Amino acid sequence: MEGELYVRLGYTMDALYRSITRHLAYSLGVVPTQASKRDIYLALSYSVRDRLLEKMLKTNQRYEDSGAKRLYYLSMEFLIGRSLANNLRAMKIYDQVAEALQLLGTDVETICDQERDAALGNGGLGRLAACFLDSMASLDMPGFGYGLHYDYGLFEQDISNGYQREKPDSWISEAPALQVERADAACIVPMYGRIEETKDKWGRHNPLWLGWNLVTGVPYDIPIAGYGGLTVNRLRLFAARPSTEFDIKIFNEGDYLRAVEQKIESEKISKILYPKDSYEAGRELRLIQEYFLVACSLNDIVRTYEKDYSDFNKFPEKVAIQLNDTHPALAVAELMRILVDQKWVPWERAWDITNRTIAYTNHTLLPEALEKWPESLLARLLPRHLQFIYDINQQFLDRVVTLWPGDVDRMRNMSIMEEGPPRQVRMANLAIVGAHSVNGVSALHTDLIKKSLAPNFFEMWPERFNNKTNGITPRRWLCVANPNLHDLIEDAIGPGFVTDLERLRELEPFAEDPAFCEKFMQVKHGNKERLKDVIFNTTVVEVDPASLFDVQVKRIHEYKRQLMNVLGIIWEYLALTEDGVEPVSPKTFIFAGKAAPGYWAAKQLIKLIHNVGNTIEDDPRARDFLKVAFAPNFRVTLAEQIIPAADISQQISTAGFEASGTGNMKFALNGALTIGTMDGANIEISQKVGRENIYICGLTAYEIEKMKRAGSYKPKAMYDKHPMIKRVVDSLASDRFCPRESGLFAWLKDYLLADNEMFFHLADLESYVKTRELSTQEYVDKTLWAKKAILNVARVGHFSSDRTIRQYAEEIWDLVAIPPTEAEKSGKLK
Ligand code: 7GP
């Protein structure tokens, strides 16, 4: 069909109003005058979805016409949050929609506030994936996400008597307004079964994988709008469904119950996101999930490629695959299997294609997060893949032997198989061997990968290792989260900086402009007022927007050292109540974050934060100076409310442990000053904003490493020597903060004083407390503070995920932008 491919959709206020009312009637069956807020939210989302799909089809056509290379980002997590407001801004229809909604007797904020978060991720790794999708679309790059369509996202966190309680997050009721089901592109995934060793007609070894179970992968596409709304990419999420073919066979055998059981079994695969941000050993269902993602994605990728090409010679020139950590590392074996077993590509050639296509990003050095899967489990679940892993390993070790003959230790260390018992497959080794690029996510982290995580691999393939410092999308983390700051900046430096964030530099002179400083601080104050309400509604704690908002929000983890923050608070509390040292400004400490359900120490920390807060609140000497609030159920939407309101951002991980951090960037972009250790991207942030505009404390990664090796960290000696450290630790271990639950926190004293305390809390405590004091003093000088905050905003343009994605595109993927045609820009249909 030539000419009008689609019904023409309007973008005026009028057209949007008609579209919303039409969806109210014909998608939801409600009369506009009787529509609830939720009805209107859904009708508006459907109207937006129509328009996104229109642009998505056109974008896809443009990519096909160009024959350009495509990038596929494989990730077990995409932490999207809400979509509606972001899409309205990207498509530049926010104001029109606001007007249309007024005609319906409501307003755009209220309606956007109806949306639930899509929480298909745990933390940094999943949120980074979401920022990357936004940047690829905004840069007109053919880059697509592949993930799982979980029924349940990350659990909801309730707080009861200071303890975390988990509740299921049933997200899918919300999903239809965001996505389209693509049953036409479903694929079939085999698992389990056995290998039968046969010979082909030329007498060559020809193993067959037989007797598998089949599961169907049904794709759901979520349109991802680039800024400007012309390029719309897609995130494709697979849901597991029973394979109909298999069902029919059992049904025909008359075993109805077994067939239904099988159905339920299959659907389990995409039921729930694992709620750990470091992996949990040995969970069979998790390995099945990882394989399911890989099998569905590669099936789709290969099918798309084969529409245009009859052999695989051009595959690495047309396809790039990025592995978001090792979770999808089975892609190495699966691509080999497809090429060799299904497409008859010779092994060596297949290996070359695989290696040139796949790249791997590491996101953590924590030993417990390095995935290993028992050989026996793989032998059962994926017998053919295991054979490929053996062959890959054999070829690889042969090379190691030639390069370092007789170096058995090196071989043992580099092998993809770890000797047992039990024998295990090391997924990081598989990813490093299989990929042409291995990258870390900050300069320090990449350095540590080279020197401590994989030094032997670095020696063998130095050119393979590279750094891509993380970034964040300014569309969500400035335009959507902090519209008033965005407008203020736009008034000062003009439009265009949202897609060219280095332009924020032009703000620098305004740091000396008293009128601008005044307005900047007013915006911050407005954001603090907004947050005050959010906190009051969820905790009943009343915070004072005139106080300093000192914020630490992120997953609860020992290495992130929320405990050190609490020790600092207790220090200030004791100084105030026992030594009569008043802080120069009233302070509000704001925490938020989820603990993995099985992580006892992290859950205790949540309880501790609550109890310290209550003790201070109950103390008339302290409550007017210090306040602690723990905002429950941290998620993207809450981050959007908290970050713009922060004066201080706490980024105090033990140096060497936080791969990069991205929260640190979001806070700086919103004008908070960082108190941080020399860890992850904090180091690069301090280089950009200037040491005088950031509060750095604590030991360096190098110093910590040295002390660890020498065994010279003696926390007990520090406790004995330093009276204040002693007082803080003793009060923590006493019943002072748990009068009704005697002994609750006593364990923390043993924990902090043990020589093998991994996270060096007491080693950094004094430096940390002094740095906090300095920051509080400077906060009182409003002129100085405004200047520093503005300079932070002006100098963090580097941390836009647009910059990160450009680097991936140029240095790893060899991916180019395919910008909209003139016809698309002028709004004409093809
Ligand atoms: C996180 C890192 O902890 C954080 O430092 C980094 O900024 C982020 O990835 C994005 O690169 N890691 C995870 O969230 C995670 O789940 C386990 O790591 C593989």
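Note that the coordinates shown come from a computational prediction; the quantities given were computed from them, not determined experimentally. (Residues numbered from 1 in each chain as written. Predicted model: local features only at pLDDT ≥ 70, side-chain atom pairs only at ≥ 80, totals over all residues. Heavy atoms only, no water.)

(A) Up close: the overall build of the chain. Scanning the chain for helices and strands turns up 34 helices and 25 strands. Here the C-alpha radius of gyration of the chain, 28 Å, is about what a compact globule of 830 residues would show, namely 28 Å. For the chain, the residues scored as buried account for 61% of the 830 residues in total. Separation between the mean location of the 101 positive side-chain charges and that of the 113 negative ones in the chain comes to 1 Å. (Helix = DSSP H or I, 4+ residues; strand = E, 2+ residues; numbered from the N terminus. Rg over C-alpha atoms; globule rule 2.2 N^0.38 Å. Buried < 20%, exposed > 50% of the residue type's maximum accessible area, 1.4 Å probe, protein only. Lys, Arg positive; Asp, Glu negative; His and termini not counted. Charge placed at Lys NZ, Arg CZ, Asp CG, Glu CD.)

(B) Representation of the pattern of salt bridges in the model. Per the stated rule, a full pass over the model turns up 62 salt bridges. The salt bridge partner of Asp-341 is Arg-384, with a shortest N-O separation of 2.7 Å. You can see Asp-341 sitting in helix α11 (residues 331-342) and its partner Arg-384 sitting in helix α14 (residues 383-403), a full 43 residues away along the chain. For Arg-384, a relative accessible area of 7% corresponds to the buried category. (Salt bridge = Lys/Arg side-chain N within 4 Å of Asp/Glu carboxyl O.)

(C) Focus on the sheet that holds strand β21 (residues 587-592). Judged by pairing direction, the sheet is parallel, and its 6 strands sit side by side in the order β22-β21-β20-β23-β24-β25 without closing on themselves. Among the strands making up the open sheet, the edge pair consists of β22 (626-630) and β25 (695-696). Bridge count between strand β24 (residues 673-676) and β25: 2 bridges; the pairing is parallel. Counted as the bridge partner of Ile-675 is Tyr-695 from β25. Contacting β21 and β22, helix α23 (residues 600-617) crosses the sheet at an angle of about 145° to β22. Across the face of the sheet, helix α32 (residues 782-795) comes into contact with β23 (648-651), β24 and β25 while running at roughly 85° to β24. (Pairing = 2+ DSSP bridges. Contact = heavy atoms within 4.5 Å. Axes fitted to C-alpha atoms, helices over the stretch in contact; angles between N-to-C directions.)

(D) Representation of the packing of α11 against helix α12 (residues 347-357) within the structure. It is the contact of α11 with α12, at a shortest axis distance of 9 Å, that shows an interaxial angle of 140°. For the element pair α11 / α12, the angle class is oblique. Taken as a pair, α11 and α12 cross one another with a handedness that is right-handed. Facing Val-332, Leu-335, Met-336, Leu-339 and Val-340 of α11, the residues of α12 in contact are Trp-347, Ala-350, Trp-351, Ile-353, Thr-354 and Thr-357. (Parallel < 35°, antiparallel > 145°, perpendicular 65-115°, else oblique. Left-handed = near helix turned anticlockwise from the far one by under 90°.)

(E) Structural context of helix α2 (residues 37-66). The first and last C-alpha atoms of α2 sit 43 Å apart over 30 residues, in line with the 44 Å expected at 1.5 Å per residue. Summarising burial for α2: 21 of the 30 residues are buried, a large majority. One or two steps after α2, the chain reaches Gly-67, where phi turns positive at roughly 65°. (Expected span 1.5 Å × (residues − 1).)

(F) Local environment of the packing of helix α21 (residues 514-539) against α32. Two elements in contact, α21 and α32, have axes separated by 10 Å at closest approach and are oriented at 80°. When the axis of α21 is compared with that of α32, the two are roughly perpendicular. Between α21 and α32, the residues in contact are Phe-516, Cys-517, Phe-520 and Met-521 and Trp-785, Ala-786, Ala-789, Ile-790 and Val-793, respectively. Taken together, the residues of the contact of α21 with α32 sort by class into 9 nonpolar, no polar and no charged. (Nonpolar A, V, L, I, M, F, W, Y, C, P; charged D, E, K, R; others polar.)

(G) Quick look at the sheet that holds strand β17 (residues 424-426). The sheet built from 3 strands is open, its strands ordered β15-β17-β16 with antiparallel pairing. Both outer strands of the open sheet, β15 (372-374) and β16 (417-418), are each paired with one neighbouring strand and no more. Summarising the sheet, β16 and β17 pair through 2 bridges and their orientation is antiparallel. Within β17, the residue paired with Met-417 across the bridge is Val-425.

(H) Structural detail: the state of the cysteines. This model, assessed by the stated rule, comprises 0 disulfides. Free of any disulfide, Cys-131 has its nearest neighbouring cysteine sulfur in Cys-479, separated by 12 Å. By relative accessible area, Cys-131 is classed as buried at 2%. (Disulfide = S-S within 2.5 Å.)

(I) Quick peek at the site of the ligand. Around the ligand, the structure places 16 residues, and the nearest of them are Asp-277, His-363, Asn-470, Glu-658 and Gly-661. Taking Ala-659, its main chain carries an N or O atom lying 3.3 Å from an oxygen atom of the ligand. Burial of the ligand by the protein chains amounts to 94% of its free accessible area of 450 Å². Taken together, the residues of the shell around the ligand sort by class into 5 nonpolar, 8 polar and 3 charged. Residues from two domains meet in the shell around the ligand; each of domain 2 (68-82 + 117-435 + 813-825) and domain 3 (474-799) gives at least three. (Near = heavy atom within 4 Å. Polar contact = N/O pair within 3.5 Å; in protein donor to acceptor, adjacent residues only side chain to side chain. Areas by Shrake-Rupley, 256 points an atom, 1.4 Å probe, with all protein chains shown as cover. Domains from an automatic or database assignment.)

(J) Broad picture of the domain arrangement of the chain. Per the domain assignment, the segments of the chain are domain 1 (7-66 + 84-116), domain 2 (68-82 + 117-435 + 813-825) and domain 3 (474-799). Counting the surface lost from both domain 2 and domain 3, the interface buries some 2,700 Å², and carbon and sulfur atoms represent 54% of this. Of all residues in domain 2, Gln-157, Tyr-163 and Tyr-227 give up the largest surface area on contact with domain 3, accounting jointly for 21% of the area buried on that side. Taken together, domain 2 and domain 3 are joined by 2 salt bridges. Put simply, Arg-475 and Asp-134 hold a salt bridge, and the shortest N to O gap is 2.9 Å. Counting across the interface, domain 2 meets domain 3 through 16 residue pairs in polar contact (both at pLDDT 80 or more). For the side of domain 2 that touches domain 3, the secondary-structure elements that each account for two or more residues are β2 (78-81), α6 (124-138), β5 (156-160) and β6 (163-167). (Buried area = accessible area lost by both parts, 1.4 Å probe.)

(K) Main features of empty space enclosed by the protein. Inspection of every chain in the model, using the stated rule, returns 6 cavities of 30 Å³ or more. In this structure, the second largest cavity is lined by 23 residues; those nearest its centre are Ile-80, Ser-83, Asn-86, Asn-87 and Ile-224. Breaking the lining of the second largest cavity down by element, the ones donating at least two residues are α2, α3 (84-90), α6 and β11 (213-225). Ranked by residues supplied to the lining of the second largest cavity, first place goes to α2 with 5 residues. Of the residues in the lining of the second largest cavity, the class split is 13 nonpolar, 5 polar and 5 charged. Both domains that furnish three or more residues to the lining of the second largest cavity are identified here as domain 1 (7-66 + 84-116) and domain 2 (68-82 + 117-435 + 813-825). (1 Å grid on protein atoms, 1.4 Å probe; cavity = no way out; pocket = protein on both sides within 12 Å on 5 of 7 lines; lining within 4 Å. Points joined across faces, edges and corners; volume = space filled by probe spheres on them.)

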